[in-house]
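The chain contents come next:
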Amino acid sequence: MSDPIRSEALQSQYLTVNLAHEEYGIDILAVREIRGWTPVTRIPQAPHYVLGVLNLRGAIVPVIDMRLRFGLPREEYGATTVTVIITVAGRNFGVVVDAVSDVLDVTADAIRPVPDMGTTVDTEYLKGLTSAGERMVLLLDVDKLLQPQDAQMLEAALPAASDVKAVA
Amino acid sequence: MSKAGLAQFQQVFIEESLEGLDTMESSLLALDNGGDGELVHTIFRAAHSIKGGAATFGFPEMSSFTHEAESLLDEVRSGKREIDGAIIELLLRTVDCLRNMFARAQAGEPLNDAVAEGLRNELAAMMGRGAPAAGVQARRNVDQADAWTVRFRPHAGMLAGGNEPLRLIRELAGIGELTVTPELDRIPEFAKLDPTECHLGWTIELKGPAKRADIAGVFDWVEDECDLAIEAKHIVAEVAAPVAAPASPAAPVANVADAGAARAQREASAESSSVRVSIDKIDGLINLVGELVITQSMLDTFREGDIDAARMAMLEHGLAQLARHTRELQESVMGIRMLPIASVFNRFPRMVRDISQKLGKQVKLELVGEQTELDKTVLEKIGDPMVHLVRNAIDHGLEMPDKRRASGKGDTGTLTLSASHRGGNIVVEVSDDGAGLNREAIVAKALQRGLIASGEGMSDEAVADLIFQPGFSTAAVTTDLSGRGVGMDVVRRNVSDLGGTVTIRSTQGKGSVFTITLPLTLAIIDGLTAAVGEERYIVPLVSIVESVQLKADAVRTVAGGGELFRFRNEYLPVIRLHDVFGCETSIRSIDEGLMVVVEGEGARVGLFVDGLIGQQQAVVKSLEANYRRVQGISGATILADGSVALIVDIAGLVRLQSRRKAA
């Protein structure tokens, strides 16, 4: 890994956000925009961590609360609370975090695997750990946040259920 | 030309040819009803373009097949042959067959099949050649063989045309196994040899089943620049009798089904494809955008300086202009998606002809308001329900000629399809002057199915509505036309998926009218904004019957926790919106809120909300694009303040409610 070109190629940037006194990194290529917290419209039958939907220049985008997603205590939204709009596989969604703090350059070899214990967050949603100076940053696996596979399974199940009804 | 380049043009060719086939079909039908000779020319022209195009775009089978039809048409056109019912019937089947060929071409399947072969022979027989079976067989044999000898001698100048013999031979190798022997006899003395000319020739033995057309297709581009001889070496023993018996009674039905399948396939592919927009509409849009830009720059001047009374008046004027342009722009953009319903209506003359012939009924089809425009999406989905209604009307509605005479009507029944704008809706009616619905039969059937407890006191309207129940069919015998397990309930569901309603008016002995009411477009709906706690929901206006304020004791709780209230002469179930959607509201008592009577899935329910705020047009946005489907919600829209409001899916709520009841 001493080859400078090679390690540069493997370098990526992460937007770091604060959540319950810890710092998380989101791959900057997945971040579409950062906006201040605005109230959203609740949707029925949604998981508790889905706060609702907001209007992103004409598109209806779901918003999830990261604290609730990770089972952390809910906190009042304040001046620093932001919604980070993330694009994964052509779908947009927003995540509400306590604050955004920084953009980090991380090389692939600086990412360490997540130990199985010692974090407040379910390790399933983490890609790895890295450090920025004295601070530890947990890198998020954004693909898994909204669990699109769940959504797809649900969609696949719904028409089937209505077909059964039509036959009956 | 590269394969990819050709494929791009093939798609255009297929689209144009399908239009040509539609023209052929409608002209043939017009001829059948005593149209003039100009129609023959129209049909001939359409067939001719398809033939020419097919040869150019790499469908030699289609080209040679169309050639047969064209030859027959040519005889008719030049007056050598009188057009009659048999020819029209044959040509109509040719049109169907070509449609299937195009469908197969799009799917990348082989084009020829037994039907095409049979028709080709029938066409040849009609023209009085190749009529004896042996002759036909001989023709076929030369078209298909297991081994071929191809003698290919390019002219000296072929290379100059950019044609490379090696490429052609490689392409042949794709058809079967090759043994290539060069012919060197033309090579001149070295001193006289011109390196830019082609001096070689080849004898190519090709093994493996192949069609003459496939082999000839390879040489399409060099036809004029070489001497080519293709000979079959080994003749395929064909077992299947290729001439389909045209008299077999099942044949027309199969054709109807085939035509339907080809259409369906074509429509499925058309759903994602393009819209043709007239240049006028686009010019209109450009004008509007120009106006909009001018208005915007005018309004921009108000950024600076104080606003006094005079400038205030100008500002108001500018804003009014902006509003007008925006509305016009919206209408024009929606107009691009609007197409005349004629494209749906056009399939019916043929269908009605085939079905009525099969059933031995006499039917006159009348089309009214074909130029009525509606949204492309709606147009694509309205076809199937209409086919069903038309089929039903001919099969169950209209009577046999003798029965009609007995009841004092003319032998020929009339089936009318009409389309018109009414308010913000499109109304499509399918009406017949047949027997009408038989009240007794429907009531008896409903009793037998346990759908109703008793027919006493039911209004005619309510009885007629029973036929929309799942699994309901009163036809004594299910024929192969109707009663295939798709009932009127499917029609109603399809229509309600489009945000529309279907109703029936029927007079016994006089006929029935099915009325489909559809929104102009799916992209914008009219809705009432309902408040539930702090939340706002849009209820589509089309599904609202009435809204009433009830007294607290008007709602009864029945066993199992359901609530009912009396509306006019019926008891309707109550759906509390705050319950199903889990909203927080302080209004739970019936007399504090509002009961909105809505209709969906053919059922009426009362929707209990806190109150209604106002009417508004809502641009429907998808929830599924970024999230997923939510039961009871059909989409979302953006309110004037930029926040999101959800649109209530009445049909979905009714389904949700009945599932809850069942659970």
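First, a word on what this report is: a plain description of the structure on this page. (Residues numbered from 1 in each chain as written. Chains lettered and ligands numbered in written order. Predicted model: local features only at pLDDT ≥ 70, side-chain atom pairs only at ≥ 80, totals over all residues.)

**Points about the environment of Lys 364 of chain B**
Residue and element names in this part refer to chain B.
Part 1: Here Lys 364 is to be found in strand E6 (residues 363-368).
Part 2: Given 14 C-beta atoms within 10 Å, Lys 364 falls into the partly exposed group.
Part 3: Linking Lys 364 and Gly 413, residues 49 residues apart in sequence, is a C-alpha distance of 6.1 Å.
Part 4: Contact partners of Lys 364, with chain neighbours within four places excluded, come to Thr 412 and Thr 414. (Helix = DSSP H or I, 4+ residues; strand = E, 2+ residues; numbered from the N terminus. Buried ≥ 20, exposed ≤ 12 C-beta atoms within 10 Å, placed from the backbone. Contact = placed C-beta atoms within 7 Å.)

**As for the interface of chain A and chain B**
Part 1: Contacts between chain A and chain B engage 23 residues on the former and 24 residues on the latter.
Part 2: Breaking the side of chain A that touches chain B down by element, the ones donating at least two residues are strand E4 (50-56), strand E5 (59-65), strand E7 (91-97) and helix H3 (148-167) of chain A.
Part 3: Tallying contributions element by element places H3 of chain A first for the side of chain A that touches chain B, with seven residues.
Part 4: Split by residue class, the side of chain A that touches chain B holds 13 nonpolar, six polar and four charged. (Nonpolar A, V, L, I, M, F, W, Y, C, P; charged D, E, K, R; others polar.)

**Some points on the sheet that holds strand E10 (residues 135-140) of chain A**
Backbone-to-backbone hydrogen bonds join strands into a sheet, with any given pair of strands oriented parallel or antiparallel.
Residues and elements named next belong to chain A.
Part 1: Pairing is mixed in the open sheet, where five strands are placed in the order E8-E1-E2-E10-E9. Whereas interior strands pair on both sides, the edge strands pair on one side only; in this sheet they are strand E8 (99-106) and strand E9 (126-132). Averaged over all neighbouring strand pairs, the angle between strand axes comes to 35 degrees, with direction disregarded.
Part 2: Sheet topology note: the strand E1 (residues 12-19)/E8 ladder contains seven bridges and is antiparallel. Each residue of the ladder has a partner; that of Asn 18, found in E8, is Ala 99. (Pairing = 2+ DSSP bridges. Axes fitted to C-alpha atoms, helices over the stretch in contact; angles between N-to-C directions.)

**Details of the sheet that holds strand E16 (residues 563-567) of chain B**
All names here are of chain B.
Part 1: The sheet built from six strands is open, its strands ordered E14-E18-E19-E17-E16-E15 with mixed pairing. Only two strands of the sheet have a single partner each, and these edge strands are strand E14 (544-548) and strand E15 (555-557). The sheet shows a mean angle of 35 degrees between the axes of neighbouring strands, direction not considered.
Part 2: Looking at chain direction, E14 and strand E18 (residues 594-600) are connected through four bridges and run antiparallel. Bridged to Ile 544 within E18 is Val 598.

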